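Inside the fold
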Amino acid sequence: MKRLTFASLFLLLLATLPVRADGPVVVASIAPLHSLLSGVMAGVSEPHLLVRGGASPHTYTLRPSDMRALENATAVFWIGEGLETFLVRPLGARQAQGEVVEVMAIPEMVLRPAREGGVWEKGDEHGHDHHGHGGHEIDPHLWLDPRNAARIVNTMADTLSEADPVNAARYRANAGELTERLAALESELHGKLAPVRELPYLVFHDAYHYFEARFGLSPAGAVTVGPEVRPGAARLTDIRERLRRTEARCVFAEPQFRSSVVQVVVEGSGARIGVLDPVGADLTPGEDLYFELLRGLADSLVDCLGD
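First things first, this report covers the structure right here in the doc.

So, how was this worked out
- Residues numbered from 1 in each chain as written.
- Predicted model: local features only at pLDDT ≥ 70, side-chain atom pairs only at ≥ 80, totals over all residues.
- Heavy atoms only, no water.
- Pairing = 2+ DSSP bridges.
- Helix = DSSP H or I, 4+ residues; strand = E, 2+ residues; numbered from the N terminus.
- Axes fitted to C-alpha atoms, helices over the stretch in contact; angles between N-to-C directions.
- Contact = heavy atoms within 4.5 Å.
- Expected span 1.5 Å × (residues − 1).
- Buried < 20%, exposed > 50% of the residue type's maximum accessible area, 1.4 Å probe, protein only.
- Salt bridge = Lys/Arg side-chain N within 4 Å of Asp/Glu carboxyl O.
- Parallel < 35°, antiparallel > 145°, perpendicular 65-115°, else oblique.
- Nonpolar A, V, L, I, M, F, W, Y, C, P; charged D, E, K, R; others polar.
- Polar contact = N/O pair within 3.5 Å; in protein donor to acceptor, adjacent residues only side chain to side chain.

Spatially, the 4 strands line up as an open sheet ordered E8-E7-E9-E10, and their pairing is parallel. Each of the sheet's edge strands pairs with one partner strand only, and the pair in question is strand E8 (218-224) and strand E10 (272-275). On average, each strand axis in the sheet is inclined to that of its neighbour by 30 degrees, with strand direction left out of account. Note: strand E7 (residues 200-205) against E8, 5 bridges, orientation parallel. Bridging from a neighbouring strand, Pro 200 pairs with Ser 218 of E8. Across the sheet, helix H8 (residues 233-246) is in contact with E7, E8 and strand E9 (250-253); its angle to E8 comes to roughly 155 degrees. Running at roughly 170 degrees to E10, helix H10 (residues 289-305) makes contact with E7, E9 and E10 of the sheet.

Given below as C-alpha cells:
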C-alpha cells in the first residue's frame with residue numbers, strides 16, 4: 001500500500017513539471033524579456049535567461065552555458081546593441097539557423113530618444129514617439145511601456161509559431177492572455193500613480209523614459225548619463241541646484257549600482273532616497289516578473305513621493 005501511494009505521488013509530481021524535452025531552446029537576454037517569453041511559452045518549455053540577478057546588461061560576460069544555449073537556440077530575443085553590447089559579437093558569429101529577434105526593430109514599437117544632460121526641463125521628459133528601427137540615440141529601456149510589452153509578446157508568439165508549428169496554438173493563446181493582463185496592468189498603474197503625477201523627482205540614470213511618458217510622470221533630471229559613468233563636479237553642482245529649485249522630494253538610486261553619489265546629491269536638501277529597478281534585479285525570474293517589476297516601480301514612486 002505504501003509503494004502504491006509513493007508511486008502515485010511520484011507520477012503526480014511528474015505531471016506537474018514543465019515540459020522541456022520536446023520544446024524548443026529559446027533564449028532571452030534580460031529578465032523582463034525572459035518573463036514575457038516565459039508567459040508565451042507556458043506549457044511548452046522554459047526559455048533560457050542570460051543576464052541574471054544583479055548583473056548589468058551593459059557589462060555582462062557570457063558563461064559557457066549561455067554560449068551553448070545561444071548556439072542551439074531556435075530563437076533568441078534581445079533588445080539590441082544599444083543595451084546588450086556583450087551579445088553583438090556572439091550573435092554575429094552564431095552558426096545556428098534559428099531566428100534572432102532584435103526587439104528594438106519590431107515594427108510599430110514605440111521608441112523614445114535618449115535624453116541628454118543631467119537636467120531636464122518640463123516638456124523634455126516625454127520626448128516624441130518614434131516607430132521603426134532604433135540606434136544608439138534611442139533609449140533602449142523600451143520594455144517599461146506595457147504597450148511595447150504587448151507588441152513584444154505578439155512578436156514572440158508569431159516567431160515561435162513559425163519555428164514550432166506543433167505548439168503554435170498554445171503560443172497564440174498564451175499571448176492573448178498576456179496582452180489582456182498587460183492592458184489591465186496599465187489601467188491599474190494609471191490609477192495608482194495619479195496622486196504623484198505632477199511631483200518632480202530625480203533618477204540615477206535615464207532608464208525610465210518609457211514608463212514616465214506612458215504614465216505622465218514628472219522627472220526633473222538624472223544624476224549620471226550612464227550607469228557606469230561617475231558624474232563630474234559640474235554635473236553634481238547642476239543636479240544639486242536642480243534638486244533645490246524644483247523642490248523635488250526624491251532622488252532614486254538603483255540596486256545594481258553604488259548609491260554613494262546619490263547620497264552626495266541629497267546631502268543637506270531634505271530630499272528622500274528611493275530605489276527604482278528597471279530590470280528586476282531582485283525579483284525571481286519567471287512569468288510574473290514583468291508584472292512585479294512595473295508594480296514595483298509604481299510602488300517605489302508612490303512611497304517616496306507621497307506624503
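Turning our attention to helix H6 (residues 168-193). Taking 1.5 Å as the rise per residue, H6 with 26 residues should run 38 Å; its terminal C-alpha atoms sit 37 Å apart, in good agreement. Along H6, the residues classified as buried are Ala 168, Tyr 171, Asn 174, Ala 175, Leu 178, Leu 182, Leu 185, Glu 186, Leu 189 and Leu 193. Packing partners of the buried residues in H6 comprise helix H2 (31-40), helix H5 (146-163), helix H7 (209-215) and H10.

With that settled, the discussion passes to the pattern of salt bridges. This structure, assessed with the given rule, holds 12 salt bridges. Close ionic contact of Asp 66 with Arg 63 constitutes a salt bridge, the shortest N to O distance being 3.2 Å. Within the structure, one salt-bridge network assembled from shared partners comprises Glu 188, Lys 192, Arg 295 and Asp 299.

Let us look at the sheet that holds strand E1 (residues 26-28). Two modes of strand pairing occur in sheets, parallel and antiparallel, and in both the strands are linked by backbone hydrogen bonds. Read across the open sheet, the 4 strands follow the order E2-E1-E3-E4; overall the sheet is parallel. Lying at the two open borders of the sheet, with one neighbouring strand each, are strand E2 (48-49) and strand E4 (99-102). In this sheet, strand E3 (residues 75-78) lies alongside E1 in parallel orientation, the contact comprising 3 bridges. From the neighbouring strand, Ala 28 faces E3, where its bridge partner is Phe 77. In the packing of H2 onto the sheet, the strands contacted are E1, E2 and E3, and the crossing angle to E1 comes to about 145 degrees. The strands that H5 touches are E1, E3 and E4; relative to E3, the one it contacts most, it runs at about 165 degrees.

In helix packing, the relevant descriptors are the interaxial angle and the interaxial distance, both defined with respect to the helix axes. In contact at an axis separation of 9 Å, H5 and H6 are set at 180 degrees when each is read in the N-to-C sense. Regarding the angle of H5 to H6, the classification is roughly antiparallel. Residues Pro 146, Arg 147, Ala 149, Ala 150, Val 153, Asn 154, Ala 157, Asp 158, Leu 160 and Ser 161 of H5 form the contact with H6, whose own contacting residues are Ala 168, Tyr 171, Arg 172, Ala 175, Leu 178, Thr 179, Leu 182 and Glu 186. Residue composition of the contact of H5 with H6, grouped by class: 11 nonpolar, 3 polar and 4 charged.

Turning to the side chain of His 209, a few remarks are in order. As for its placement among the helices and strands, His 209 is situated in helix H7. A polar side-chain atom of His 209 sits 3.0 Å from the main-chain carbonyl oxygen of Pro 113.

Within the element layout of this structure, Val 279 appears in the loop between E10 and H10. In this structure Val 279 comes out as buried when scored by relative accessible area, which is 9%. When the C-alpha atoms of Val 279 and Ala 31 are compared, they prove to be 6.4 Å apart, with 248 residues separating the residues in sequence. When near neighbours in sequence (up to four residues on either side) are disregarded, Val 279 contacts Ala 31, Pro 32, Trp 143, Gln 256, Leu 289 and Leu 293.

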